[in-house]
Number of protein chains: 2
Amino acid sequence: MNISEKINLTDTTPEDRSPEDRSMAIRESLRNAIIDRRLAPGTKLSESEVGSLFDVSRTVARAALQMLAFEGLVKTERNRGAFVSNPSPEEARQIFASRRLIEPGIIASAIERITPEDIAEFRRQLDEEQRYMNERGPAARRAEIKASGDFHLMLASVAGNVILQRFMDELVARSSLVIALYGRSGVSSCGHSEHTAVLDALEKGDGERAAKLMIHHIDHIEADLDLQVKQGLGLKDALSLV
Amino acid sequence: MNISEKINLTDTTPEDRSPEDRSMAIRESLRNAIIDRRLAPGTKLSESEVGSLFDVSRTVARAALQMLAFEGLVKTERNRGAFVSNPSPEEARQIFASRRLIEPGIIASAIERITPEDIAEFRRQLDEEQRYMNERGPAARRAEIKASGDFHLMLASVAGNVILQRFMDELVARSSLVIALYGRSGVSSCGHSEHTAVLDALEKGDGERAAKLMIHHIDHIEADLDLQVKQGLGLKDALSLV
DNA sequence: TTTGGGCAAATCGTATGCAATCTTGCCATT
DNA sequence: AATGGCAAGATTGCATACGATTTGCCCAAA
């Protein structure tokens, strides 16, 4: 029940951009832990525990948890506490439906703004992805998932729309949760090649093709999930609790 | 079922809304005030003021302000306080770009799920819009803007994707801020007829046309804005402060 | 053995106090 | 008269205290 070892306390930028946003740093840290599955869905995140872990008062910890709740990564129950979200199959479908809608638009914007330097950066990122794919072990798996999501986030960043970027931030994070819950093969191993295909199309300036490839990519990710409704009642949460 | 109940994003679960999430209620109240321009961009919202206004402690007021900051309706400055957002022209463009991306997708979903009852509800909503249009005075203007936004939110609610619904909630709210800042004619008077056109296409099941009409509608709203960069320096905020 | 009630522990919700930081107005100095 | 600095006031950032609510356990009674 000790979550301390699951959280990397050092992955917050040293001397946070604002000394005040300690809650931001905590949010970031917890977010990372959730995204690469060090914190499993259902895990309880009590205010006092989080607070003492990061050596702050409950006030600050609470603010961080509220932010995470706002972006759907944790769910809070009144007088009970905060828990890492346990998205339902329906939620999962909606997440991917949203991505199918937004990501082609991001591609369309990105293709007009992407620079050769960006392309090079993307290649580096894909290399890293590849490296993790070849490694074994859960740590490499986690890194692979993270890197895979980062590809989409980099794309959003190149598109230059901070609002869509934020939406994608949320969608990618929640996707990661969904994959953790319903993923069959852990990671769709075809993901990497599909990323490179998208990037190739982008480099050639073929936005149509890139968008189409992206849609297929999202389809594949979702197809790898097992979204059967093995939970018809309200006690589902209890069953899938860790 | 009744659409007007679906609009409310905050009543995610009955028990969430009921007992005492007072900060939620405050957020809602402030949100409405901002959306229909009773609170102008730049207005300062101090914790103590908000707190005493709603008869709660600063803690609760602060939580409400944090939520509003998260959805971009207020901006907080360290050790200075929270202010109603003052979106830049660039932000405005990004908001509308996002809407152009998302709303056609919402139409596509809505057209598969909309019921005759929904259509009737939409008609009622449009009638109300019309009524406000014919009235004079700032109060009617505010109500008109609100009603106009509600049309888009109802659409998102019919689409049945709570994630997109939340995104739209944020986008519509921020659009209202932008219109307040940069609107030329206050409200594009053609908005109402465009809404009815979209609804007509939806009723006929012509999703293509409805989506196209929606894009044009958004284009018109944005075209009515004056997004010149009349603010090259940092003192812009001071000038546009109230 | 099972069920029901009640008590204790844990945790959250909220208020409030204190320290730090920023703003503002005033005064001295040039 | 203008500028620079200083001190008082105001406001936020954070920690902590206390009350409220839920949960789990234990024990008694059927």
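Within each chain, residues carry numbers counting from 1 in the order of the written sequence. Chain A is the first chain written and ligand 1 is the first ligand written, with later ones labelled in order. pLDDT decides what is reported in this predicted model: residues at 70 or higher carry local features, side-chain atom pairs at 80 or more are listed and counted, and totals for whole chains, interfaces and linings draw on all residues regardless.

Points about the sheet that holds strand β3 (residues 81-84) of chain B
All names here are of chain B. For clarity, the cut-off: Between any two strands, pairing holds if DSSP finds at least two bridges. Helical segments are the DSSP runs of H or I of at least four residues, strand segments are the runs of E of at least two, and each set is numbered from the N terminus.
Taken together, three strands build an open sheet; the order of strands is β1-β3-β2 and the sheet is antiparallel. One side of each edge strand has no neighbouring strand; the edge strands of this open sheet are β1 (44-45) and β2 (74-77). Both β2 and β3 contribute to a ladder of four bridges, which runs antiparallel. Within β3, the residue paired with T76 across the bridge is A82.

Brief notes about the protein's contact with DNA strand C
Note the following rule: Only the C-beta atom matters for this test: placed from the backbone, it must lie within 6 Å of a molecule or strand for the residue to be near it. Residue type decides the class: Asp, Glu, Lys and Arg count as charged, Ala, Val, Leu, Ile, Met, Phe, Trp, Tyr, Cys and Pro as nonpolar, and the leftover types, Gly among them, as polar.
Near DNA strand C lie 18 residues; those nearest to it are S46, E47 and G81 of chain A together with S57 and T59 of chain B. Mapped by element, the contributors of at least two residues to the surface near DNA strand C are α2 (47-54) and β3 (81-84) of chain A together with α3 (22-35) and α5 (58-70) of chain B. Among the elements that take part in the surface near DNA strand C, α5 of chain B stands out by supplying three residues, more than any other. Looking at the surface near DNA strand C, its residues break down into three nonpolar, eight polar and seven charged.

Some words on the interface of chain B and chain A
The parts lose accessible area when they come together, and the size of an interface is often stated as this lost area. Operational definition: We call two residues in contact when the distance between their C-beta atoms, placed using the backbone, is within 7 Å.
Opposite the 17 residues of chain B that make contact, chain A presents 18 residues. Of all the secondary-structure elements, those providing two or more residues to the side of chain B that touches chain A are α5, α6 (89-113) and α9 (162-182) of chain B. With seven residues, α6 of chain B is the largest single contributor of residues to the side of chain B that touches chain A.

What about the protein's contact with DNA strand D?
In the vicinity of DNA strand D, 17 residues are found, and the nearest of them are S57 and T59 of chain A together with S46, E47 and G81 of chain B. Every element with two or more residues in the surface near DNA strand D is listed here: α3 (58-70) of chain A together with α4 (47-54) of chain B. With three residues, α3 of chain A is the single largest residue contributor to the surface near DNA strand D. A class-by-class count of the residues in the surface near DNA strand D yields two nonpolar, eight polar and seven charged.

Quick notes on the packing of helix α6 (residues 138-159) of chain A against helix α7 (residues 162-182) of chain A
Residues and elements named next belong to chain A. Here is the rule we go by: Helix axes are fitted only over the stretch in contact, all axes being lines through C-alpha atoms; the angle between N-to-C directions runs from 0 to 180 degrees. Any angle between 65 and 115 degrees counts as roughly perpendicular, while under 35 counts as roughly parallel, over 145 as roughly antiparallel, and the rest as oblique. Take the far helix as the reference: if the near one is turned anticlockwise from it by less than a right angle, the crossing is left-handed, and if turned clockwise, right-handed.
In the contact formed by α6 and α7, the axes pass within 9 Å of each other and the chain directions differ by 165 degrees. Considered as vectors, α6 and α7 are oriented roughly antiparallel to each other. In terms of crossing hand, the pair formed by α6 and α7 is right-handed. Counting all contacts with α6, which are made through I145, G149, H152, L153, A156, S157 and A159, the residues of α7 involved are L164, Q165, M168, D169, V172, S176 and I179. Classifying every residue of the contact of α6 with α7 gives eight nonpolar, five polar and one charged.

Here's the deal with unusual backbone geometry
All names here are of chain B. What counts is decided by this rule: Residue burial here comes from a neighbour count, namely the number of other C-beta atoms, placed from the backbone, that lie within 10 Å of the residue's own C-beta, with 20 or more meaning buried, 12 or fewer meaning exposed, and in between meaning partly exposed.
You will see that R37, though not glycine, has its phi angle at about 65 degrees, which is positive. Positionally, R37 belongs in the loop between α3 and β1. What makes R37 buried here is the crowd of 20 C-beta atoms within 10 Å. The phi dihedral of D55 is positive, around 65 degrees, even though this residue is not glycine. A count of 8 C-beta atoms within 10 Å places D55 in the exposed class.

Keep in mind these numbers describe shape, not what the thing actually does.
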